[in-house]
Amino acid sequence: MTWLTSALAAHLLLAAPATARLPAAEVRLDGPALAALRARAIGPAIMSGRIVDVAVDPGDPETFYLAHSTGGLFKTTNGGDTFAPLLDAEVAVSAGAVAVSPLDSRVVWVGTGEDSDRNSAGFGRGLLRSEDGGERWAPAGLAASRAVARIVPDAADARAAWACVAGDLWGPGGERGVYRTADGGKTWARQLAAPAPHDKLTGCADLVADPADPKVLYAALYARRRTPWSFEYGTAVTGGADVGGVWKTSDGGATWKKLGGGLPSRTGNIGLAVAASDPRVIMAVVQSDEGGTSALDEIRSRVGGVFRSEDGGATWTRRSPLNPRPFYFSQVRVDPLNPQRVYVLGFMLHVSEDGGKTFREDLFQKVHADCHALAIVPGAAPRRPDPDRPGEPPPPPVSRRLILGTDGGAYASRDGGASWNHLATFPAGQFYRIAVDDSSPYRICGGLQDNLTWLGPSRTWSKDGITGADWANLGGGDGFYCAFDPGDRDVVYLESQQGYVQRTNLRTGEMRGLRPEPSEGQEAYRFHWNAPLIMSRHQKGVLWLGGNRVFRLERQAERFEVVSGDLTAADPRKTRTVGSGAENHAVIYALAESPRKAGMLWAGTDDGRLWLTEDGGKGWTDLTVGLPAAVKGQWISRLEPSHHDDQVAYLVVNAYRSQDLRPHVFRTADRGRTWRSVAGDLPADLPVRLVRESPRNSRVLFAGTEFGLYLTLDGGGHWTRFGEVPAVIVDDLVIHPRERDLVIATHGRSLYVVDDVGPLEEATPEALAKEAHLFAPRPAFGRYLMPGWVDAAGKVGFRGPNPPEGALITFHVRAPLAEPVKIMIATAAGTPVAGFEVPGVPGLGRVAWNLRPTKDFMTEYGGEGPDRLVPPGEYVVTLAYGKAKEKQKLQVTVAEGIQVRYAPLR
């Protein structure tokens, strides 16, 4: 027999004898038993997420590492042509800091959890250390750090390092400050911290070492705290105590001295840099409220800004007031060849040629906005003398190799920033929400962090797979919800920050903004940064939008009606923040319509209130009093009304903002009056973001969590990791109603698709208790793939793989036998056309048939050739294994105009 593909499992756990008919709670498909349904990463890679740190191999500048805020650690060995993810097997992939030992480039340190103050910042579970360039990792301590701002390896000892720990953004406690290890991360000693009790909220913002003397280090302490409705820092957090600032040690951290000599007081976030060519030169970009605070888009501070010391920190001079959005940036760099060339990172990349006195912004035009990391590789060609100034010496050299991390991914320059190459060769987009349409192949629309809303295919008809050219930008700012118009699939609605709805016509290119607004003099509507926008399942052309009220949009969103009062608690102390909208509070965050009953809407708020209407908003029932005690007042993350019973719904509460990491997943069977937990055996420190119920089997649930994708087949009793998706934030899930594909939106690794999860919906206890079971295959479609133009060198960018051609045939084997699984495909009249033999390994198995005869059933010479497709029609799939023999029908269609095999096969 001929093998086409086989993805088989290796393990099935049965809690009762194999011959028994097992109840649902006693059957488990775990780990390898689900491997046949592995997700494929489809990209896109043309837009990326936040790159927060860069580390270059000191012996090979073509090898460097990118730390992604929520997507993991990526390594290149060819200057950025290709990247490999390194943390996919780890328990957390959010990367805040990365460093390579200057003594041994095989030793790499990673701090999980980014130190950004952003509301969407990822958090981690400590440090990791590798001794083989990132191939294998070992836990390296500080498990309660949650966010690591910087790692400084000891230049005199490859097992020693300092860690700058920012600590938990959302509350007090944990590990914070400067720590040192001398044994590869087995033990750590805290060397610098704010005095108690302020050490509970004060962490380390930055840490740099003197390249000439590894015992000399400079550190910045920074107090911060975010709540769902606010962000505070500095003396506002510590009750007026000015415990932040810049500190120096000359003995490797045994003793520290706070530096003054011209630095301001009342400091917030601080970034530091030491000039490698002259270690006496220290640069600092300092946030200070001494002269008053600054607005979000105000890039000049009244008292803070760029400071320079030329005597090792003893005295400082304020060179510039430049200090763009300090809570998000606060990064400064000095060219290692030229102490006068200084970079300040912000909305754009600012560069100074005079030691920080003046800055220009011309480098910004070539890269994505919001710059977070910059690595400068020493090495430059001499700069030529100015022909207009004969006799003057040439200006000092400038390092030409730059690697920049932004909200849009990584960029590399080999000419000092005059030109940039976007390193868009790996999928690392930070998706929030997605929608699918009914095209063939179906399309996926999704919104991303600071990267607009994009539209692309679930597959292509090219051997190239899914490339960047297959994706279209639909506009917006930060992208969130999107929806296809059911009356016209080329009309797409999307939502950007704070309820800004946009309608885009894909045929005409017309874009129209349609945000609901009150009349002049009326109370303003409040919308979350990520306001829910959903298309009605029952009323064609109607959308529902959530703010502090619920809005009904109709006539392609040209008209709106307010269909609720303020459904939030509306605490005035928590609704008055300014900024980007990320702190907008007391709003509806979860909004869902019942698939079964028209007019039934569920609404949940970020301040813990839950509501239900059964008549499209004419009347609302407050269900808050019945919420479980453990989650009262907490952020309601998602609601999932059941496809099977309008009495049933699922509630997900995400409480990590209150430092509660438990998985809060509940089910109601009485329309929200009472709830029971269905978190089952999910890990105790696994915050859940959403749950999706299978439309065909109420016991099958998928959960998107802070650390990957989970599945239950028994309604929430037992959960298992699924799809081999990395431990990345899963922010949204959609089951395509026709194809039965599970589409996965991750906040850091773009999109994944698990092709045909229908077998999971049919994985009943009775089916899994059989010796072998053949699941019903979905209809198959045949056509030829275009040849594409794949570069053999592999340097043409990321290509998302297409699903296998033809039909997917999935089966389950209960126990191994001394014979293979035999699969035969025949016409409805019984003529065999294809056959396969695959090992009988316990678990789910899958074979892909490309709708062509296998070699055993094809004339080798004088026939129609191996590539001719079989005729459309009904086929019969037969599975034989041991005493088991099962059959299923398979419907095959073929693209119009294709000349299929016209003679009977024999």
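Note that the coordinates shown come from a computational prediction; the quantities given were computed from them, not determined experimentally.

**Let's talk about the overall build of the protein**
(1) Moving on: Scanning the protein from N- to C-terminus turns up 2 helices and 66 strands.
(2) Moving on: Taken over the C-alpha trace, the protein has a radius of gyration of 29 Å; the compact-globule value for 906 residues is 29 Å, and the two agree within 12%.
(3) Moving on: Overall, the protein is about 90 × 70 × 60 Å in size when its C-alpha atoms are taken along their principal axes.
(4) Moving on: When the 906 residues of the protein are sorted by exposure, 60% land in the buried category.
(5) Moving on: Long-range pairs, those at least 24 residues apart, make up 57% of the contacts in the protein with a sequence separation of at least 6.
(6) Moving on: Both charge centroids of the protein, one from 101 positive and one from 104 negative side chains, sit 2 Å from each other.

**What about the sheet that holds strand β66 (residues 884-894)?**
(1) Moving on: Sheet architecture is open: 5 strands sit in the order β60-β66-β65-β62-β63, paired in mixed fashion. With partners counted over all chains shown, the strands left at the sheet margins are β60 (780-782) and β63 (832-838), one partner each. The average undirected angle you get between the axes of adjacent strands in this sheet is 25 degrees.
(2) Moving on: Pairing geometry for strand β62 (residues 821-827) and strand β65 (residues 873-881), over 6 bridges, is antiparallel. Note on β65: the bridge partner recorded for Ile825 is Val877.

**Concerning the nonpolar core**
Proteins that are soluble and globular tend to have nonpolar side chains buried together.
(1) Moving on: Within the largest apolar cluster, 87 residues are counted, with the highest numbers of intra-cluster contacts made by Leu73, Phe702, Phe722, Leu742, Ile744 and Leu760.
(2) Moving on: Per-element tally for this core: the top contributor is strand β17 (residues 213-227), with 4 residues.
(3) Moving on: Ignoring sequence-local partners within four residues, the contact set of Leu760 consists of Leu34, Leu37, Asn697, Val700, Phe702, Leu711, Leu713, Phe722 and Leu844.
(4) Moving on: Residues Ala483, Val501, Trp544 and Ala603 belong to the second largest nonpolar core, which totals 32 residues.

**Considering the state of the cysteines**
(1) Moving on: A full pass over the atoms with the stated rule returns 1 disulfide.
(2) Moving on: One disulfide bridge connects Cys164 with Cys204, the sulfur atoms lying 2.1 Å from each other. Handedness here is read from the sign of the S-S torsion; for Cys164 and Cys204, about -105 degrees, the answer is left-handed. Placement of Cys164 in strand β13 (residues 161-165) and of Cys204 in strand β16 (residues 202-210) is noted, with a sequence separation of 40 residues between them. For the pair shown, Cys164 and Cys204 are each scored as buried.

**Here we look at the confidence of the model for the protein**
(1) Moving on: Summary statistics for the protein give a mean pLDDT of 93 and a share of 94% for residues scoring 70 or more.
(2) Moving on: Counting contacts from residues 1-25, a segment whose pLDDT is below 50, to residues more than four positions away or on other chains yields 82 contacts.

**A look at the pairing of strand β30 (residues 409-413)**
(1) Moving on: In terms of residue burial, β30 counts as a mostly covered element, since 5 of its 5 residues are buried.
(2) Moving on: Here strand β29 (residues 401-406) folds back onto β30, and the loop between the two strands holds 2 residues.
(3) Moving on: As paired elements, β30 and strand β31 (residues 421-422) share 2 bridges and run antiparallel to each other. Paired with Tyr411 across the two strands is His422, which belongs to β31.

**A closer look at the sheet that holds strand β47 (residues 621-622)**
(1) Moving on: The antiparallel open sheet is built from 4 strands, whose spatial order is β44-β45-β46-β47. The sheet is open, and its two borders are formed by β44 (588-593) and β47, each paired with just one other strand.
(2) Moving on: Here strand β46 (residues 610-613) runs beside β47; their pairing, made up of 2 bridges, is antiparallel. When the sheet's bridge partners are listed, Leu612 is paired in β47 with Thr621.

**Here we look at the packing of aromatic side chains**
(1) Moving on: Per the counting criterion, the structure on display carries 23 aromatic pairs.
(2) Moving on: Between Phe327 and Tyr328, the ring centres sit 6.2 Å apart and the planes meet at 50 degrees, which makes this aromatic pair tilted. When sorted by exposure, Phe327 lands in the same class as Tyr328, which is buried.
(3) Moving on: Here Phe527 and Phe551 contribute two aromatic rings whose centre-to-centre distance is 5.5 Å and whose plane-to-plane angle is 25 degrees, an arrangement assigned as stacked.

**A look at the pairing of strand β6 (residues 72-76)**
(1) Moving on: Counting buried positions over the 5 residues of β6 gives 5, a clear majority of the element.
(2) Moving on: Note: strand β5 (residues 64-68) against β6, 5 bridges, orientation antiparallel. In the strand pairing of β6, His68 is matched with Gly72.
(3) Moving on: What sits between the antiparallel neighbours β5 and β6 is a turn of 3 residues.
(4) Moving on: Note that β6 and strand β7 (residues 84-85) share 2 bridges and pair antiparallel. Within the sheet, the bridge partner assigned to Phe74 lies in β7 and is Pro85.

**Digging into the pattern of salt bridges**
(1) Moving on: Counted by the stated rule, this structure contains 52 salt bridges.
(2) Moving on: Across the pair Asp646 and Arg671 runs a salt bridge, and its minimum N-O distance is 3.0 Å. In this pair, Asp646 is assigned in the loop between β48 (636-641) and β49 (649-653) and Arg671 in the loop between β50 (664-668) and β51 (676-677), connecting sequence segments 25 residues apart.
(3) Moving on: By relative accessible area, Asp646 is classed as partly exposed at 22%.
(4) Moving on: Ionic pairing is found between Arg689 and Asp731, a salt bridge with its closest N-O pair at 2.9 Å. Placement of the pair is Arg689 in strand β52 (residues 688-693) and Asp731 in strand β56 (residues 730-735), with a sequence separation of 42 residues. Judged on exposure class, the residue Arg689 and its partner Asp731 are both buried.
(5) Moving on: When salt bridges with common partners are traced through the structure, they connect Asp437, Arg443, Asp488, Asp490 and Arg507 into a single cluster.

**So, unusual backbone geometry**
With the exception of glycine, the majority of residues adopt a negative phi angle, and the majority of peptide bonds are in the trans configuration.
(1) Moving on: Cis geometry is found at the peptide bond from Gly43 to Pro44, where omega equals 5 degrees.
(2) Moving on: Along the chain, Pro44 falls in the loop between β3 (40-43) and β4 (51-56).
(3) Moving on: Residue Pro197 is bonded to the preceding Ala196 through a cis peptide linkage, with omega at 5 degrees.
(4) Moving on: Phi is positive for Gln659, which is not a glycine, with a value near 65 degrees.
(5) Moving on: On the secondary structure map, Gln659 appears in the loop between β49 and β50.
(6) Moving on: According to the relative accessible area criterion, Gln659 is partly exposed, its value standing at 32%.
(7) Moving on: Of note in the backbone geometry, Arg740 takes a positive phi value of approximately 65 degrees without being a glycine.
(8) Moving on: Judged by its relative accessible area of 3%, Arg740 falls in the buried class.

**Section: the environment of Val237**
(1) Moving on: Within the secondary structure layout, Val237 lies in the loop between β18 (230-233) and β19 (245-249).
(2) Moving on: With 78 residues separating them in the primary sequence, Val237 and Arg159 have C-alpha atoms 36 Å apart.
(3) Moving on: Here Val237 is in contact with Leu201, Ala223, Arg224, Arg225 and Glu232, once residues within four sequence places are set aside.

Quick notes on the rules
Residues numbered from 1 in each chain as written. Predicted model: local features only at pLDDT ≥ 70, side-chain atom pairs only at ≥ 80, totals over all residues. Heavy atoms only, no water. Helix = DSSP H or I, 4+ residues; strand = E, 2+ residues; numbered from the N terminus. Rg over C-alpha atoms; globule rule 2.2 N^0.38 Å. Buried < 20%, exposed > 50% of the residue type's maximum accessible area, 1.4 Å probe, protein only. Contact = heavy atoms within 4.5 Å. Lys, Arg positive; Asp, Glu negative; His and termini not counted. Charge placed at Lys NZ, Arg CZ, Asp CG, Glu CD. Pairing = 2+ DSSP bridges. Axes fitted to C-alpha atoms, helices over the stretch in contact; angles between N-to-C directions. Core = buried A, V, L, I, M, F, W, Y, C linked by side-chain atoms within 4.5 Å. Disulfide = S-S within 2.5 Å. pLDDT = per-residue confidence, 0-100. Phe/Tyr/Trp six-rings, centres within 6.5 Å; stacked < 30°, edge-to-face > 60°. Salt bridge = Lys/Arg side-chain N within 4 Å of Asp/Glu carboxyl O.

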